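Spelled out from the first residue to the last, the chains are:
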2 protein chains.
Amino acid sequence: MTTTGTDLLATHRERLDDASKAIRGRGYHSAFPESPSPRVYGETAAADGKAAFERYLGTTFPLETPGSRGTVITEHSPFGIPLDIAYPRTVEDGLDELLEAARSGMADWRKAGIDARTGVTLEILARLHKRVFELANAVQHTSGQAFVMAFQAGGAHALDRALEAVAYAYEEMNRYPAAATWEKPAKGNPIRMEKTFTVTGRGVALVIGCNTFPTWNSWPGLFASLVTGNAVVVKPHPLAVLPLAITVEVCREVLAEAGFDPNLVTLAAERAGDGLAKPLATRPEVKLIDFTGGSEFGEWLEQNATQATVFTEKAGVNAVIVDSTDAFKALCGNLAFTLSLYSGQMCTTTQNLFVPAGGIETDEGHKSFEEVGAGIAGAMGKLLGDDARAVEILGGIVNQAVISRLELAPEYGDVVLESRAIQHPAFPDALVRTPLLVAIDAKDEEVYGRECFGPVSFLVKTADTAESIDLFRTTVTEGGAMTAGIYSTDPKTLEQARDAALDAGVALSENLTGQVFVNQSAAFSDFHGTGANPAANATYTDGAYVASRFRVIQSRRHV
Amino acid sequence: MTTTGTDLLATHRERLDDASKAIRGRGYHSAFPESPSPRVYGETAAADGKAAFERYLGTTFPLETPGSRGTVITEHSPFGIPLDIAYPRTVEDGLDELLEAARSGMADWRKAGIDARTGVTLEILARLHKRVFELANAVQHTSGQAFVMAFQAGGAHALDRALEAVAYAYEEMNRYPAAATWEKPAKGNPIRMEKTFTVTGRGVALVIGCNTFPTWNSWPGLFASLVTGNAVVVKPHPLAVLPLAITVEVCREVLAEAGFDPNLVTLAAERAGDGLAKPLATRPEVKLIDFTGGSEFGEWLEQNATQATVFTEKAGVNAVIVDSTDAFKALCGNLAFTLSLYSGQMCTTTQNLFVPAGGIETDEGHKSFEEVGAGIAGAMGKLLGDDARAVEILGGIVNQAVISRLELAPEYGDVVLESRAIQHPAFPDALVRTPLLVAIDAKDEEVYGRECFGPVSFLVKTADTAESIDLFRTTVTEGGAMTAGIYSTDPKTLEQARDAALDAGVALSENLTGQVFVNQSAAFSDFHGTGANPAANATYTDGAYVASRFRVIQSRRHV
């Protein structure tokens, strides 16, 4: 006997309801425990997950993609271990077959209705959660994130973000009744009609994954599109296929079990350089695109894939304004962690720290510009002083392009803190680097006004905080930003920074000195990106992120 | 003492609440009486409105547009009366000034908050309602709609559609709390943060009006953009400026009274042929565009104004499948009215009637293909037999391009019903035409597969209903449609038509034989367009129509 989608919704109803409540209140909520501790997940979970990951190495991943031609091996672990996993290779010639297969199950998927689709999608999340250690290993060895971060950002938090998107989509689809009676007063008898409203997907949704956050950045769009009735083609970054291959495998397994066409979710792996994303993104069948990656290709999609609704997360110049503080040590510690986490390879890592040339007032007295730099550098030195501990924060460098940028960056100004290479105690071939901090003049906007992705941050010397706020406003308006912060003890300055953040369209974190960091956002509460500046045209998650993923088609008749 | 926006919301709270309830239930609702009767609007309302309209004739409209250069006269009444109304002329050289002026009030508009913006917007609707007879005259003499239709579609129903959009936007903005407390459990003390969420407009919204429905098609986008915090530039069709000039005047009046910058809403009238829409639509300040008009320019906007979110309503090939009926006479009468209303110049008028070559079964026995055509033609003859009555249904032909198409159309097939010119009893220079009905073969898809806008409809002779449904599906999928209908007594055929309509993404009206017509949609209940086929990429009104008109920007701090 088949478990129907509606049965599955009953199973996961409480999880959905809690998520729906959370997105309305935007208080703290998490559905998937973020601690990989054996006390939470069981004594064997970590070892089992690692073993499951290792079984993939050197094999062909068990997945079929319609229209694929042979297989392709493209990944390379930033930790230096050989992966050698082969995936079905999608080529331009096979797109007709792929897209036809993707579409063929859509009518049944539509007919199943909102509840069944939501049940299936929530079951997929539950199955992914069961494989969270396996996924964490896969994320670690493709993105270069250290294990605990890969478990959290790539597993638990990614599941929370996926659930958040599903909750939004479920709420959005249920804004419309399935049926209504319309009765217009009229002379004699009223005019009565019965109306039916059906949620229908837009077509094929394309998800283009990125190297650094293959699950966290792909799942919200993937599951928002799937639950709203679309078929989804997942095109992973050639260097980060495995996490999405596992994802697609789970989707297909659950779809098939519930009686749906597994080709509603497919993996389109390509050989690096094949350039599959462009022809795929501009196919008329493709009506939705979710992209995370560089600005150049993101803008190309926005400008060329005009047959689709395009959601992009691109590059930005994240900024923190340093004006004054009543907790200088904590400020330095907080920023040190932000700059160090995953070697600054987060789209949310601060790049530009605006500090007045004359220094700032603190609880430790006046600190000169140089002393502020030294304070942050010192905190980073302490945080990363022990190699074994450092690698668990830094993880590995995701690819060679990051190293190239890092090597060029000292020339941009005065080095406040040098980057150093670290030998990973467990992975001898891992590429590990500590962040570089460079002091730079406010006039050098052509340098800090564009993204220098990786472990490079600039201490920008401004005339005063007024100039810091101005430069913050202009650089974010022009270059975009995923995150912004301010440190100030002055309510008026905080107010000005808030206004500037509203003008520039970026979220603002104020005086973070504890265990919350400007580069981290909490699902169900914090928006990730805003859609209001060039760094991203959408956010995780608001109504706009889900509303255009489906249409409502009505029929009406007299009764 | 200024009446604040929040005061205004209190005044209109019940109207808003009723609308919000209506869009959830999608039953019958109307906030603005559709009958122009003196019993509803008072004995002098009609004469006062006409006089107010006539006072504009031959004058310069009292409106200032930043950056305008001199004035321009561009309108021509389809009823043949001289209008000669001058408006400030916007030119490409003046766009810097216009857009700067538009943006300068946005920060205050944002700061005012959701309730104040909604109060101001609802007050604008109330003021427009007070001027509904004046507006009806303005719509009549620019669009060519007969007076009662202009009053309803251009006045009362347009207000309902505007209110519907405002209700959706209000609901959408209120999905997010203004503030939230976030408390994460942690060892020792929980981590507590206070978060602020601010709704911010996207930038300048551009509304590009059309000739046939200057208010009905412009108001939803205009007010959805305004209430969500954007500034709005209204670019009317050169032949239909007055209804939007009055609209903009009312907006500016209410904005100023409530203490806001009147330049938040401006009129950008151009000389026909100036081609102002293209440079305006691609300005970086413009983040939202609402367009109603031809497919060519609509598609140009979708493909080129990629810096903006673009909402388009374009052309389509609306279809009705005739399979069988238990009320042949009523079928003919219903279709006759649909084809005749406003001389078929509605974007929702049926163009293609798919009828099997072998005829159909009816309550009057079998009717051959020719008898079906004769039945509809006969009903049209009866409906339009009396000239004085006919002109109140037909109105005037909106422009010469419609006449040209009408004159060419008899060549496409066998004329079932000729178009005839009617002398308008009140307006001797009015251009009035009855609809043309042409029988055409199913194979001539290159003719009926594209829009022939105006009083031209095709009786498409198909092999059988199965072919009718196939052709319906393919023509709508390829050419788009705003409306579709089916007449059938067979539940299985109805089910197939519903599936085809879902596949093609068009709303379906079934067996309309009374006082509801396929070309009419009821605000708060029927969606207008779907956004799921090439005729329109959006609908009046769903969540997707409002959700991307604003962003939510947060700030957060420890408490």
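In this text the structure is predicted, and so the values were computed from the model without any measurement. Each chain has its residues counted from 1, running along the sequence as written. Chain letters start at A and ligand numbers start at 1, both assigned in the order the entries are written. Local features in this predicted model are restricted to residues whose pLDDT is 70 or higher, and side-chain atom pairs enter the listing and the counts only when it is 80 or higher, whereas totals over whole chains, interfaces and linings include all residues. Computation of side-chain values covers all heavy atoms of the structure but excludes hydrogens and water.

K.L.:
Looking at this model, I keep getting lost on the overall build of chain A. Mind explaining?
P.N.:
A run of H or I in DSSP becomes a helix once it reaches four residues, and a run of E becomes a strand once it reaches two; helices and strands are each numbered from the N terminus. Of the regular secondary structure elements, chain A holds 19 helices and 21 strands. A compact globule built from 559 residues should have a C-alpha radius of gyration of about 24 Å, and chain A, at 24 Å, falls within 12% of that. Throughout this description, buried means an accessible area under 20% of the type-specific maximum (1.4 Å probe, protein chains only), exposed means over 50%, and partly exposed covers the range between. Taken across its 559 residues, chain A has 65% of its residues classed as buried. In chain A, the proportion of contacts linking residues at least 24 apart, taken out of those at least 6 apart, comes to 76%. Here, Shrake-Rupley sampling with a 1.4 Å probe gives the accessible areas, and only protein chains in the shown set may cover a residue. Carbon and sulfur atoms form 50% of the exposed surface of chain A, whose accessible area is close to 18800 Å². Using C-alpha atoms as the atom set, the radius of gyration is obtained and then compared with a globule rule of 2.2 Å times the number of residues to the power 0.38. In this analysis, two residues are considered to be in contact whenever any of their non-hydrogen atoms come within 4.5 Å of each other.

K.L.:
Looking at this structure, I do not really get the interface of chain A and chain B. What am I missing?
P.N.:
Contacts between the two partners involve 74 residues from chain A, matched on the other side by 74 residues from chain B. Each of two parts loses accessible area, computed with a 1.4 Å probe, when they are put together; buried area is these two losses added. On the chain A side of the interface with chain B, the three residues burying the most area are Tyr28(A), Arg175(A) and Arg556(A), jointly 14% of the side's total. Lys195(A) is the salt-bridge partner of Asp526(B), the closest N and O atoms lying 2.7 Å from each other. For the purposes of these results, a polar contact is taken to be a pair of N or O atoms within 3.5 Å, where, inside protein, one atom must be able to donate a hydrogen and its partner to accept one; residues adjacent in sequence count only when each atom of the pair is a side-chain atom. Inspection of the chain A/chain B interface yields 38 residue pairs in polar contact (both at pLDDT 80 or more). Here a salt bridge means any side-chain nitrogen of Lys or Arg lying within 4 Å of a carboxyl oxygen belonging to Asp or Glu.

K.L.:
How should the environment of Ala330(A) be read in this particular structure?
P.N.:
All names here are of chain A. Within the fold, Ala330 resides in helix α12 (residues 328-340). Overall, the relative accessible area of 27% leaves Ala330 in the partly exposed class. Sequence separation between Ala330 and Ser419 is 89 residues; the distance between their C-alpha atoms is 22 Å.

K.L.:
When you look at the pattern of salt bridges in this model, what are you seeing that I'm missing?
P.N.:
A side chain with one charge can pair with a side chain of the opposite charge if their charged atoms come near. On inspection of all chains with the given rule, the structure shows 70 salt bridges over all chains. Asp387(B) serves as the salt-bridge partner of Arg420(B), at 3.3 Å between the closest nitrogen and oxygen. Of this pair, Arg420(B) sits in the loop between β14 (414-417) and β15 (421-422) while Asp387(B) sits in helix α14 (residues 387-394), placing them 33 residues apart in sequence. The exposure class of Arg420(B) is partly exposed, given its relative accessible area of 35%. With a closest N to O distance of 3.0 Å, Glu495(B) and Arg498(B) form a salt bridge. Of this pair, Glu495(B) and Arg498(B) both sit in helix α18 (residues 491-504), 3 residues apart, which is roughly one turn of the helix. In this structure Glu495(B) comes out as partly exposed when scored by relative accessible area, which is 39%. It is possible to trace a salt-bridge network through shared partners that takes in Arg24(A), Glu171(A), Glu172(A), Arg175(A), Arg24(B), Glu171(B), Glu172(B) and Arg175(B).

K.L.:
Sorry if this is basic, but what is going on with the relation of the copies chain A and chain B here?
P.N.:
What relates the pair of chain copies is a rotation about an axis plus a shift along that axis. Rotating chain A by 180 degrees about the axis while translating it 0.0 Å along that axis superimposes it on chain B, leaving an RMSD of 0.0 Å. In short, the pair behaves as if placed about a two-fold rotation axis. The overlap is high: 100% of the interface residues of chain A also sit at the interface in chain B, so the same surface is used on both sides. C-alpha atoms of residues with pLDDT of at least 70 in both copies form the basis for the least-squares superposition of the copies.

K.L.:
For this particular structure, what's the right way to read the environment of Val139(A)?
P.N.:
Residue and element names in this part refer to chain A. Inspection of the secondary structure assignment puts Val139 in helix α6 (residues 132-143). Put simply, Val139 and Leu244 are 105 residues apart on the chain and 9.3 Å apart in space, counted from C-alpha to C-alpha. Setting aside its immediate chain neighbours within four residues, Val139 contacts Gly144, Gln145, Ala150, Gly154, Pro214, Thr215 and Pro243.

K.L.:
Is there a simple way to explain the nonpolar core in this structure?
P.N.:
The tendency in soluble globular proteins is for nonpolar side chains to be buried as a group. Buried Ala, Val, Leu, Ile, Met, Phe, Trp, Tyr and Cys residues form a nonpolar core when they are joined through side-chain atoms within 4.5 Å. Membership of the largest hydrophobic core comes to 278 residues, with the highest contact counts inside it found for Phe223(A) and Phe223(B). What Phe223(A) contacts, discounting residues up to four positions off in sequence, is Thr121(A), Ile124(A), Leu125(A), Leu128(A), Ala162(A), Val166(A), Thr247(A) and Cys251(A).

K.L.:
Looking at this structure, how should I read the packing of aromatic side chains?
P.N.:
For any two aromatic rings, the description comes down to two numbers: the centre-to-centre distance and the angle of the planes. Two aromatic rings, drawn from Phe, Tyr or Trp (for Trp, its six-membered ring), form a pair once their centres lie within 6.5 Å of each other, and the interplanar angle then sorts them: stacked below 30 degrees, edge-to-face above 60, tilted otherwise. A full pass over the atoms with the stated rule returns 48 aromatic pairs over all chains. A network of ring pairs unites the aromatic residues Phe213(A), Trp216(A), Phe311(A), Tyr342(A), Tyr540(A) and Tyr545(A) as a single cluster. Our definition puts a charge over a ring when NZ of Lys or CZ of Arg is within 6 Å of the ring centre and also within 35 degrees of the ring normal. Above the face of the Phe311(B) ring, Arg549(B) is positioned so that its terminal group lies 4.1 Å from the ring centre. Over the aromatic face of Tyr545(B) sits the side chain of Arg549(B), whose NZ or CZ is 4.4 Å from the ring centroid.

K.L.:
When you look at the domain arrangement of chain A in this model, what are you seeing that I'm missing?
P.N.:
How large an interface is tends to be reported as the accessible area lost when its parts come together. Residue and element names in this part refer to chain A. Domain start and end points were adopted from an automatic or database domain assignment. When the domains of chain A are assigned, the result is domain 1 (8-314) and domain 2 (319-510). Just the C-alpha atoms count here: the centres of domain 1 and domain 2 sit 33 Å apart. In this assembly, 18 residues from domain 1 lie in contact with 19 residues from domain 2. Of all residues in domain 1, Pro78, Phe79 and Met149 bury the most surface against domain 2, accounting for 33% of the area lost on that side. Across the domain 1-domain 2 interface, the total number found is 0 salt bridges. For the interface between domain 1 and domain 2, the tally reads 3 residue pairs in polar contact (both at pLDDT 80 or more). When residues of the side of domain 1 that touches domain 2 are traced back to their parent elements, those giving at least two are α6 and α7 (147-173). Top element by residues in the side of domain 1 that touches domain 2 is α6. It accounts for 4 residues. In the scheme used here, Gly and all other residues not listed as nonpolar or charged are polar, with Ala, Val, Leu, Ile, Met, Phe, Trp, Tyr, Cys and Pro taken as nonpolar and Asp, Glu, Lys and Arg as charged. Its residues placed into classes, the side of domain 1 that touches domain 2 shows 8 nonpolar, 9 polar and 1 charged.

K.L.:
Please clarify how the pairing of strand β11 (residues 352-356) of chain B should be interpreted in this entry.
P.N.:
Working note: regular strand, side chains alternate between the two faces of the sheet. All names here are of chain B. Counting buried residues along β11, 5 of its 5 residues qualify, which places the element largely inside the surrounding structure. Residue alternation in β11 divides its side chains into two sets, Asn352, Phe354 and Pro356 and Leu353 and Val355, and both sets are buried. Whether two strands pair comes down to DSSP finding at least two bridges between them. Judged from the 3 bridges that link them, strand β10 (residues 319-322) and β11 form a sheet pairing that is parallel. Bridged to Ile321 within β11 is Phe354. A crossover gets the label right-handed when its path from the first strand over the helix to the second runs clockwise, viewed with the strands pointing away from the viewer. As for the winding sense of the linkage, the β-α-β connection from β10 through helix α12 (residues 328-340) to β11 is right-handed.

K.L.:
Can you walk me through helix α8 (residues 219-227) of chain B in this structure?
P.N.:
Residue pairs spaced three or four apart in an α-helix point in one direction, given the helix's 3.6 residues per turn. All names here are of chain B. Judged by how many residues are buried, α8 sits mostly within the fold: 9 of 9 residues are covered. Those residues of α8 that sit buried are Trp219, Pro220, Gly221, Leu222, Phe223, Ala224, Ser225, Leu226 and Val227. Phi for Gly229, located one or two positions after α8, is positive at around 105 degrees.

K.L.:
How do you make sense of the sheet that holds strand β19 (residues 484-487) of chain B when you look at a structure like this?
P.N.:
Strands in a sheet are paired, the pairing made by backbone hydrogen bonds, and the direction either parallel or antiparallel. Strand order in the open sheet formed by 10 strands is β3(A)-β4(A)-β21(A)-β20(B)-β19(B)-β10(B)-β11(B)-β18(B)-β17(B)-β14(B), with mixed pairing between adjacent strands. Bordering the open sheet on either side are β3 (179-184) of chain A together with β14 of chain B, each of which pairs with just one other strand. Between one strand and the next, the sheet's axes are offset by a mean angle of 25 degrees, whatever the strand orientation. Inspection of the sheet shows strand β21 (residues 550-558) of chain A paired to strand β20 (residues 508-510) of chain B by 3 bridges, in the parallel sense. What sits directly across from Ser555(A), in β20(B), is Leu508(B). Here an axis means a line fitted to C-alpha atoms, over the contact stretch when the element is a helix, while the angle between two N-to-C directions is reported on a 0 to 180 degree scale.

K.L.:
Sorry if this is basic, but what is going on with the pairing of strand β4 (residues 191-201) of chain B here?
P.N.:
Residues and elements named next belong to chain B. Note: strand β3 (residues 179-184) against β4, 6 bridges, orientation antiparallel. When the sheet's bridge partners are listed, Trp182 is paired in β4 with Met193. If you look at the hairpin formed by β3 and β4, you'll find 6 residues sitting between the two strands, and Gly188 has a positive phi there, around 75 degrees. In terms of strand pairing, β4 meets strand β21 (residues 550-558) through 9 bridges, oriented antiparallel. Considered in β21, the bridge of Phe197 is made with Gln554.

K.L.:
Which parts of the structure should I look at to understand helix α4 (residues 95-104) of chain B?
P.N.:
All names here are of chain B. Of all the positions in α4, only Leu95, Leu98, Leu99, Ala101 and Ala102 are classed as buried. For α4, the arc enclosing every buried residue in end-on projection is 160 degrees, short of the 170-degree limit, so these residues lie on one face. Turned more than 90 degrees off the buried face of α4, the exposed positions are Glu100 and Ser104. Where α4 is buried, its residues touch α5 (106-130), β5 (204-208), β6 (231-235), β7 (265-267), α10 (277-281) and β8 (286-292). Working definition: the arc comes from the directions between the helix axis and the C-beta atoms, pointing outward to the latter.

K.L.:
Looking at this structure, how should I read the sheet that holds strand β17 (residues 436-441) of chain A?
P.N.:
Read from one edge to the other, the open sheet built from 10 strands follows the order β14(A)-β17(A)-β18(A)-β11(A)-β10(A)-β19(A)-β20(A)-β21(B)-β4(B)-β3(B), with strand pairing classed as mixed. Strands with a single pairing partner mark the edges of an open sheet, and in this sheet they are β14 (414-417) of chain A together with β3 of chain B. Across the sheet, the mean angle separating the axes of adjacent strands is 25 degrees when strand polarity is ignored. Pairing between strand β19 (residues 484-487) of chain A and strand β20 (residues 508-510) of chain A: 3 bridges, direction parallel. Looking at β20(A), one finds that Gly485(A) is bridged to Ser509(A).

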